[in-house]
Amino acid sequence: MRKARVSIRECCEGSPFVPLALCLAAGIASAGLVETYSFAALGTAAAAVICTAGAALARNRTNICFLFGLLAVVLGGLLLRLAERDGYAGEDVRAMVATGELPLSEPILIDGCVLEDGARRGADIVTTVALRGLRRQEAWAACTGKIELHVAALDDPQLPRAEVRAGDRVRAWVSCDRPRNFENPGSGDRVGFLARRGIFLLARARSPRLIEVLPADCGTPWERAAAAVRRWMRERLRDFGTQVDPQQAAVLSSILLGDSTDLGSAVRNDFQNAGTYHVLVVSGLHVSWIAWVLTRLFRMTGMPPSLVPVPATIGIMFYACMVGFQASISRALWMFALVLAGHCVFRRASPANTVFACGFLLLCARPSWLLDIGFQLSFLAVCAIVLMGLPFLQHVVQPLFDPLRHAGDQERLYLQADPWHARGRRLRFSCEMLVEACADRCFSGLGGPGVTACRAAAACGLAAAGMIVVSLAVQTWLEPILAYYFNRLSWVGPAANLAIVPLASLVLAAGMAAEVWAGLAHSASLFRIAGFAASALLAANRWFTDLPGAWQRCPTPAGIWVLAGVILILLWCLLRPLRFWIPCLLVGLELLCLSLVESGILPASRVPFRPADSRGAPISRLPALRIFFLDVGQGDSIGVQFPDGRVWVIDAGGLHPGQPGPPDEDAFDIGEAVVSRFYWSRWVVALDRVILTHPHRDHAGGIPALLRNFPAGRLDYAEGAEDPSRAEILRQARAAGVPVHAAVAGEKCEVAGVSVRVLNPPRGRPFRSINDGSLAIRLEFGRFSALLAGDMEGPAETAAAMPSLLLKVGHHGSRNATLDPFLEQVRPRWAVISVGRKNPFGNPSTETLQRLLRHRARILVTADLGAISFETDGSRYRISSHTLGILEQGVL
């Protein structure tokens, strides 16, 4: 497709909100680089820039005025973000925590309003509460801000049910704490995610008895009505799931209400792998469908056309209030409002200008949304459609099919001179000649039906081509971002969306009709039709996911390259150069490189957009051994990268269960979200060996995710009494074609000059507990040595003790481990403790810390330092922390 070049000024004149939104986004993004500042000085600078722009305009210096105006918008974005981040009153929870008025980790009585219905998450009921006050000594003090409230859902019939709903008022005795990230390279920013929702504290009530609920005592009538309708719809869907099919009900709940609580991890993974997960999120599809239905209904009532958009807008706002003002639904709502405003003043809105005006307004109201993945994906998807899809349709697809759509109409000749109109005229002429030839040779009456068939074929071709173009455009824009955030490449996505999006629209229409019919006729008969449509959606998506080569996991590309790619495509589409295919080709090459690296065809060292710090600066020219102790909370996960690049993973963390019994399959998977992302961030695409020290969940919980995400050369484990967790992991390994091996004390091997020796468990000797049967390993490389003790305690430690410079302290620093006789034999110089902050077990114990200090070991705790890495070439060493950088380096 060939287009005329357009200057930046011309682009801005046609769509003035484009540069405004981009400059505002640049200012908001720059706030992340600003820690110490004077808000008054920045405000004065912004005022000076505005005055300079005004003076330039008065002197007719439009170029200077234009540049200084954009600089003023950049400074405005910076000020907005800083004000949102750091500007809060003394009653805000952040200020009260800083001054000690709201003590952390201590029981405190709070009062607030519930903002969303409580949802079961593991062993807790979780909801969001807007605080109104807290009890301090003998008086109440005003307090503002949001908290995420966790209520222990104890399955005791004698206890009250921990049920809270939106609009309820609660008073509860809770203990509060700040949210915390897993401090590893590649881990997600949960603290930032909660902060963008306005949540800065996590609160926990240990029992439902500690909560008093006043039903429907908060919120406006509008909010209470929206919450009641949402609750009523959820109850109808829950009844349908109980009586017919819970999976169908979960899909309907996700598409209609954006509630994916009951969806299940397997279904989520299928939609993510197929690149169709967006259909399960409330977005512009819902707004468009609801607007179309409401507009038609109000027109049928005889309402004047000029007034029809008003009740339609009110209906959309009510739906947005019901499902929550997420980034995607807010963007669609504002776009609808801007288009409606344009119609009211008899102006046709430019699609690009509307999109960027919407982004500008949303970022002015919520600057932090710029970093929200939902906002990024929603906004860029619409940009792809407006800036790439629509121009391609207008300049290529429509000129090709429009002449044929009017075949036989001598008044529609399409005499434009561009190449695609010429091809369209030739296609029309050929079809008309073919129809005439058939009519002459076969039957004269074929002329009319033949022309009609040509028109229908052209209309179908135009619709199909439009869907293909839009799907490819969206995939081109979003795939690098999806690779960065989710480490997935969905090659089948463009084709899958052609079928899944129409099916999702059918599910949405059927589900809405079923809910309305249930309310009017008190009948659930239409839910079976909606459920059948949901099953068809699941089956179609599963078919695409199961296609060979449909998707693959990939390492994490460098963020700067992803950003540069998005900016390149954006500017290319805005400026309309001659060779439109160039940015698409560059994005395709980037994705192809990621695919080839993941497949092992292309060495990672030859890829230019690999993260700069994925290996770090070497300590010498000699090959180095690297050992990583990951921050996985109350658990263990150790990575060993040998000098030749091979990687062993020893345990993979896993959250400790709050209650006995099997873990919830839909609970947070630390192996997927933390451990796998760490290795993807280092561009590790295969594991030479996975080692399971023992089957406790805080060590084994993430192993299944590693076996799914990485090809593994072998799985080593410690034998012991029958355990269902270990049996399931071994089953999954064998199903994946991974050899399994029961390791015992005395086994030795050498990997790239590193001597590896198994110290525990002994062959055939019974041990007191599963912890004592942990697999312990000693590494030796030059003058460096490390003992990785698993969860060994007491007698098992004594048998496995060998002198080592680095000790991974056993059982997370429990007082029953790392005893004096063991330390006297090991004589460690450094001791690493992998433990969760404020864990319920009190680890690391004071006794263990005192013993380590008596033996002059430097203690390094993952809860304080995040991921800890040791790097050595056998004579030199370097110790680094993810949070503090280099801690120590020198010569062994």
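Residues numbered from 1 in each chain as written. Predicted model: local features only at pLDDT ≥ 70, side-chain atom pairs only at ≥ 80, totals over all residues. Heavy atoms only, no water.

## Focus on the packing of helix 7 (residues 221-243) against helix 18 (residues 526-545)
No. 1: Remark: helix 7 packs on helix 18, axes separated minimally by 11 Å, with the N-to-C direction vectors making an angle of 75°. As summarised for this structure, helix 7 and helix 18 are arranged roughly perpendicular, according to the angle between their axes. Residues R236, L237 and F240 of helix 7 form the contact with helix 18, whose participating residues are F527, R528 and G531.
No. 2: Considered class by class, the residues forming the contact of helix 7 with helix 18 number three nonpolar, one polar and two charged. (Axes fitted to C-alpha atoms, helices over the stretch in contact; angles between N-to-C directions. Helix = DSSP H or I, 4+ residues; strand = E, 2+ residues; numbered from the N terminus. Parallel < 35°, antiparallel > 145°, perpendicular 65-115°, else oblique. Contact = heavy atoms within 4.5 Å. Nonpolar A, V, L, I, M, F, W, Y, C, P; charged D, E, K, R; others polar.)

## As for the sheet that holds strand 23 (residues 858-861)
No. 1: In spatial order, the strands read 17-18-19-20-21-22-23; together these seven strands make up an open sheet with mixed pairing. Across the chains shown, the open sheet's two edge strands, defined by having one partner strand only, are strand 17 (748-751) and strand 23. Direction aside, neighbouring strands of the sheet carry axes that sit 20° apart on average.
No. 2: The pairing of strand 19 (residues 776-781) with strand 20 (residues 784-788) spans five bridges and is antiparallel. (Pairing = 2+ DSSP bridges.)

## Focus on the nonpolar core
The nonpolar side chains of a soluble globular protein tend to be buried with one another.
No. 1: The biggest cluster of nonpolar side chains holds 52 residues, and the ones touching the most others in it are F356, L387 and W477.
No. 2: In terms of residues, this core owes the most to one element, helix 14 (residues 373-405), which gives eleven residues.
No. 3: When neighbours within four sequence positions are excluded, F356 is seen to be in contact with F17, V18, A21, L22, F379, C383, L387 and L570.
No. 4: Counting residues in each nonpolar core, the second largest holds 50 residues, with I255, V323, I500 and L537 among its members. (Core = buried A, V, L, I, M, F, W, Y, C linked by side-chain atoms within 4.5 Å. Buried < 20%, exposed > 50% of the residue type's maximum accessible area, 1.4 Å probe, protein only.)

## Quick notes on unusual backbone geometry
No. 1: In this structure, the amide linkage connecting N760 to the following residue, P761, adopts the cis form with an omega of 5°.
No. 2: Inspection of the secondary structure assignment puts P761 in the loop between strand 18 (754-760) and strand 19.
No. 3: Despite not being glycine, A752 shows a phi value in the positive range, around 50°.
No. 4: Looking at where A752 falls in the secondary structure, it is placed in the loop between strand 17 and strand 18.
No. 5: With relative accessibility at 31%, the residue A752 sits in the partly exposed group.
No. 6: We note that H812 has phi near 60°; this positive angle belongs to a residue other than glycine.
No. 7: In this structure, H812 sits in the loop between strand 21 (806-808) and helix 26 (820-826).
No. 8: On the basis of relative accessible area, H812 is assigned to the buried category, the value being 1%.

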